[in-house]
Amino acid sequence: MNSNKNKFTLISILLVLGAFILFLLSSFIDQYSIINRIIMFIGLILLMTSWGIYFMGLKQIKPQITENVITVIACKNCDYREERPFIEGDYVLKELGSCKKCSGISYIHAIYLVPVKK
Amino acid sequence: MIINQLFPSGNDIPSTLINLVWLILFFSIILFFNQRIQIWMYQRNAEKATMKLQLLAEKSKEETLKNIQNFALENIDIKSQITSFLEFFTIEPVDKDPFGVLNRLEHILDSRRERIKLFISQIAPKAGKVEAANIEDIMEAAIALNFIFKIVRHFLLLGKKTKSLMIFIQLDMQLPLIMKIAEAYYKALKTFSSGKPIGDGLGPLVASRLMFGSPKQVIAEDIVCSEVNIENRKVYVIKAEGPGGVVGKPGEAVKRLVESFEGKVARIFMIDAASKLEGETTGEVVEGVGAAIGDPGPEKYKIEEVATKYKIPLDAIICKMDIEEALTTMKKEIAEAADLIVNKIKKAIIERTKEGDIVIVAGIGNTIGIAQ
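Residues numbered from 1 in each chain as written. Chains lettered and ligands numbered in written order. Predicted model: local features only at pLDDT ≥ 70, side-chain atom pairs only at ≥ 80, totals over all residues.

**A short note on the overall build of chain B**
The helix and strand inventory of chain B stands at 11 helices and seven strands. Its C-alpha radius of gyration of 28 Å places chain B more than 25% over the 21 Å reference for a compact globule of 372 residues. By principal-axis analysis of the C-alpha atoms, chain B measures approximately 105 × 55 × 45 Å. When the 372 residues of chain B are sorted by exposure, 41% land in the buried category. Pairs at least 24 apart in sequence give 78% of the contacts found in chain B among residues at least 6 apart. (Helix = DSSP H or I, 4+ residues; strand = E, 2+ residues; numbered from the N terminus. Rg over C-alpha atoms; globule rule 2.2 N^0.38 Å. Buried ≥ 20, exposed ≤ 12 C-beta atoms within 10 Å, placed from the backbone. Contact = placed C-beta atoms within 7 Å.)

**Overview of the nonpolar core**
All names here are of chain B. With 105 residues, the main nonpolar core has L145, I238, V254, I268, M270 and V361 as its most contacted residues. Residue contributions to this core peak at 14 residues, all from helix 5 (residues 129–162). When sequence neighbours within four positions are dropped, the list of residues in contact with I268 reads V254, A307, I312, L314, I360 and A362. (Core = buried A, V, L, I, M, F, W, Y, C linked by C-beta atoms within 7 Å.)

**A few points about the domain arrangement of chain B**
Residues and elements named next belong to chain B. When the domains of chain B are assigned, the result is domain 1 (42–194) and domain 2 (199–363). Put simply, the middle of domain 1 and the middle of domain 2, counted by C-alpha atoms, are 29 Å apart. Listed as interface residues are 17 residues of domain 1 and, on the opposing side, 13 residues of domain 2. Going through the elements one at a time, helix 4 (101–123), helix 5 and helix 6 (165–194) are the ones with two or more residues in the side of domain 1 that touches domain 2. Looking at the side of domain 1 that touches domain 2 element by element, the count peaks at seven residues for helix 6. (Domains from an automatic or database assignment.)

**Looking at helix 9 (residues 298–309) of chain B**
Residues and elements named next belong to chain B. If you check helix 9, its first and last C-alpha atoms are 16 Å apart, about what 12 residues at 1.5 Å a residue would give, namely 16 Å. Taken as a whole, helix 9 has its buried residues at P298, E299, K300, Y301, K302, I303, V306 and A307. On its buried side, helix 9 packs onto helix 4, helix 8 (250–260), strand 4 (267–275) and strand 6 (314–321). Following helix 9 by one or two positions, K311 adopts a phi angle in the positive range, close to 55°. (Expected span 1.5 Å × (residues − 1).)

**Considerations on the confidence of the model for chain B**
All names here are of chain B. Per-residue confidence for chain B gives a mean pLDDT of 91; residues scoring 70 or more make up 99%. Mean pLDDT in chain B bottoms out at helix 1 (residues 2–6), which sits at 67, and peaks at strand 7 (residues 358–363), which reaches 96. Taken over the whole predicted complex, pTM reads 0.82, whereas the ipTM for its chain interfaces reads 0.84. (pLDDT = per-residue confidence, 0-100.)

**Description of the sheet that holds strand 2 (residues 69–75) of chain A**
Residues and elements named next belong to chain A. Strand order in the open sheet formed by four strands is 3-2-5-4, with antiparallel pairing between adjacent strands. Either end of the sheet is taken by a strand with one partner, and the two such strands are strand 3 (81–85) and strand 4 (95–98). Between one strand axis and the next, the sheet turns through 30° on average, direction left out of account. Where strand 2 meets strand 5 (residues 105–113), seven bridges bridge the pair, whose relative direction is antiparallel. Across the sheet, residue I73 finds its bridge partner in strand 5, namely I108. (Pairing = 2+ DSSP bridges. Axes fitted to C-alpha atoms, helices over the stretch in contact; angles between N-to-C directions.)

Laid out in structure tokens, this is it:
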């Protein structure tokens, strides 16, 4: 995202430089001549385009964040711990039957969100 | 050629006149249309925000409808009932005479809660206790979103009607915060409908960790209490009764507990989620003193009053998070902070009380997705 923003900034700087060179060039040409005006007009368009590109770059596209909700399962007797995606109906301290490691009761120890940027 | 005619550069009178016309036109625009241009710009921003808010309000209504439909009777039209209930309002008590204002506020809040519960029981009779509590939270979020949309639209239309730049400037300046709150409510609504724990559930999560495996009993409206022994101290842990989305009356519970021991309580610890300042880290745990509870007033007042009456020190432990984090699915940092707070409380109880003392630990917050 940052590289995109930098690209936009670089292009707009180059366009401003181009406009500056054109304005400089026009100062060497007779100011009442039509060529001078055309050069000035092109310079102006370059300036406007550079502003447009710069502001477009400032409009940051928000990264899509998907919800990755984890349910942590633990056992009342042993140190068994398991993580799995959240299933509707899960809640903290919900008993889930017997533990996979021992005969103790497993329960939901925590439910939390781990954001994943896309 | 056209450019030459429009912007003549000669020294003759017609060229000078045309240039003068351009100059007058330019200054006229600046002088007479300056404010109009500004109004147009602010109005455009406000219109965009209002459209977004309208979309959020409509989506929240649909989401509410979708959730309630699962527990509604088939032959009842719930759409019109929900639409009209979204306009539900609460009038705050008069505070010109502040005497007893918190009792009156509590009464009004109780009435509000009772009306919402009654409405839910009528439109979603198949919903159990947990589902009904979650629907209550969904309704509250939808009502809030509808209210925000209507307020912003009101000021937009008022600004258009009066062509007042001041109204537009004030609206535009507040829009970033308003949008942030509205988006947080919308995301909260989605979390409530799936029954996941929210950031504000940190207090109940800490309490549930402390009371894990001990018998519980209901001691106040939607509040459970459990007696735990920590290093020979009698610790009474209270939290809202989950896993439905309720907050309960922790103030009433603390008051009843203290009164039942005739004030012989060594310390009251309160754990709550607190709004963080920009630059602060989510999940940061900070200690302080005072009643850590973000209710409209009555519950906090009860705790402060009873603590003052019996000179019981009030310790507060808070976990920092922003409004969106408090209302949406609990982040990993916040869940991890709960374990840290449990250790801090145990340490504080040992350091600040002596053996045989009675201590109260209150986990404040919405207990959605957290049982006991």
